[in-house]
Each structure stands twice: as structure tokens, then as C-alpha cells.
Amino acid sequence: MGEKCKNYVPVGRRGVSKGVILNMHLHWKKHETLKVIVKTFWAEEVREIAVELARLSGGIVLDIQEEDTIIMYRGKNYCQPPTEIMSPRITLSRKKALDKSKYRDALRAVTRYIQKLEQELELLKAQAETEPTFPSNEEVQPPAEPLPSQQ
């Protein structure tokens, strides 16, 4: 259900805001189902967004498709709520949502970089175990001639 519907609401990098909730209610005036397209988030974050959308809008999550599309149902006998409910104030402001998005992106980049460094470290450890790079104590010989002493 809802796979062929053409009405959708995109969720941008700022995440769920009162504008997204308002657009959902405006779509629900004419249609029973709605696609919420979430492209900038990981799969586990999409599930969290689906729960948050259901809580804020009062709709029902039908399905999560392709890890970036949430199908939502408005419910039976839907009547449009007042504007105060359609635009909840408990969401983040635009600036705070953008700051949160930048922080999340930086955290992802650092996580990827750490994973890359750990892989390189494992390769270096494997190379160090197979090839000793330092000479052993038996191979190191003292100098043949004593150094001239200074008086």
C-alpha cells in the first residue's frame, strides 16, 4: 500500500521539523497515505525518524521501504487538527537543527576515518609479525677499535 502514490514529503538534512509535520497534515487532507522520503540518514536513523513522525503527527507507520522511504497512514476518520498541533513547537529551531546535522556529519566522517586507521594499523601489525625489521642482539657487534679518548 502506498507504493504508487505520488504525494510525498521530503525530510532534509535538518531532520524532522514543524514544516515537515505541517506538510504531512496538508497532504492528508486529500490522501490517506503519504511517502516520507529520507535520503540523508542511515537505516537505523530512518527507523528513529519514523517513530518520531508517528508521535508528532498522530499518523501510523505502515512500512519502511528501501531504507529511505517511510509510508505513513493518517488513520480512519481523519479530521485536520488545529494549527497549533499541526506545527508542534517541541521540534528544534532551524539553526539548532542545522548545527545538529553538521555535528552528525562530522561524527560520521571521524568514525569512517577511525575505521580506516584501524585497518591500516592491523596491516602494519601483520607486516611487523612476518618481517622483523630490527636486527637481533647477536647480529649487533661492538666496534673493533676503541674510540680515542680526549684529554
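Look above for the structure.
All residue numbers refer to position in the chain's written sequence, counted from 1. Where local features are concerned, this predicted model is filtered to residues with pLDDT of at least 70; where side-chain atom pairs are given and counted, the filter is 80 or more; whole-chain, interface and lining totals use all residues. Only hydrogens and water are removed before side-chain values are computed, so all heavy atoms of the structure are retained for them.

The subject of this paragraph is the overall build of the protein chain. What the protein chain contains, in helices and strands, is 4 helices and 4 strands. In DSSP terms, a helix is any run of H or I states spanning at least four residues, a strand is any run of E spanning at least two, and both are numbered starting from the N terminus. Written out in order from the N terminus, the α and β elements of the protein chain read β-α-β-α-β-β-α-α. The cut-offs for exposure are 20% and 50% of the maximum accessible area for each residue type, with area from a 1.4 Å probe on protein chains only; residues under the lower value are buried, those over the upper are exposed, and the others partly exposed. By residue count, 28% of the 151 residues in the protein chain fall in the buried class. The contact rule is simple, with two residues in contact once any of their heavy atoms fall within 4.5 Å. A fraction of 70% describes how many contacts in the protein chain between residues 6 or more apart in sequence connect residues 24 or more apart. Accessible surface, the protein chain: about 11800 Å² in total, of which carbon and sulfur atoms supply 55%. Note that accessible areas follow from Shrake-Rupley with a 1.4 Å probe, and for residues the cover is restricted to the protein chains shown.

Bringing the packing of helix H1 (residues 18-28) against helix H2 (residues 43-57) into the picture now. As a rule, the C-alpha atoms of each element are fitted with a line to give its axis, helices using only the stretch in contact, and angles between N-to-C directions run from 0 to 180 degrees. For the pair H1 and H2, the least separation of the axes is 10 Å and the interaxial angle reads 65 degrees. The angle between the axes of H1 and H2 places the two elements in the roughly perpendicular class. The handedness of the crossing between H1 and H2 comes out as right-handed. Between H1, through Val 20, Ile 21, Met 24, His 25 and Trp 28, and H2, the contact on the second element is made entirely by Leu 53, Leu 56 and Ser 57. Its residues assigned to classes, the contact of H1 with H2 comprises 6 nonpolar, 2 polar and no charged. Put simply, angles under 35 degrees are roughly parallel, angles over 145 are roughly antiparallel, angles from 65 to 115 are roughly perpendicular, and the rest are oblique. Left-handed describes a crossing whose near helix is turned anticlockwise from the far helix through less than a right angle; right-handed describes the clockwise counterpart. We call Asp, Glu, Lys and Arg charged. Ala, Val, Leu, Ile, Met, Phe, Trp, Tyr, Cys and Pro are nonpolar, and the rest, Gly among them, are polar.

On to the pattern of salt bridges, then. When their charged atoms lie close together, side chains carrying opposite charge are able to pair. Salt-bridge detection follows one rule: a side-chain nitrogen of Lys or Arg within 4 Å of a carboxyl oxygen of Asp or Glu. Throughout the structure, instances matching the rule amount to 5 salt bridges. Ionic pairing is found between Arg 13 and Asp 105, a salt bridge with its closest N-O pair at 3.3 Å. Placement of the pair is Arg 13 in the loop between strand S1 (8-11) and H1 and Asp 105 in helix H4 (residues 94-130), with a sequence separation of 92 residues. A salt bridge links Lys 95 to Asp 99, with the nearest nitrogen and oxygen atoms 3.4 Å apart. On the criterion of helical spacing, the pair formed by Lys 95 and Asp 99 is a turn pair, its members being 4 residues apart in helix H4. Its relative accessible area of 59% is what places Lys 95 among the exposed residues.

Our next topic: the environment of Ser 17. Tracing the chain through its elements places Ser 17 in the loop between S1 and H1. In this structure Ser 17 comes out as partly exposed when scored by relative accessible area, which is 26%. Counting along the chain gives 73 residues from Ser 17 to Ile 90, while the straight-line C-alpha distance between them is 9.0 Å.

Right, let's talk about the nonpolar core for a bit. Judged by nonpolar contacts, the single largest core of 18 residues is most densely connected at Met 24, Val 36, Val 38, Ile 49, Leu 53, Ile 70 and Met 72. For this core, the secondary-structure elements that each account for two or more residues are S1, H1, strand S2 (33-38), H2 and strand S4 (69-73). Ranked by residues supplied to this core, first place goes to H2 with 5 residues. Excluding its chain neighbours within four sequence positions, the residues that come into contact with Val 38 are Val 11, Val 46, Ile 49, Asp 68 and Ile 70. As used here, the term nonpolar core means buried Ala, Val, Leu, Ile, Met, Phe, Trp, Tyr and Cys residues forming a set that is joined through side-chain atoms within 4.5 Å.

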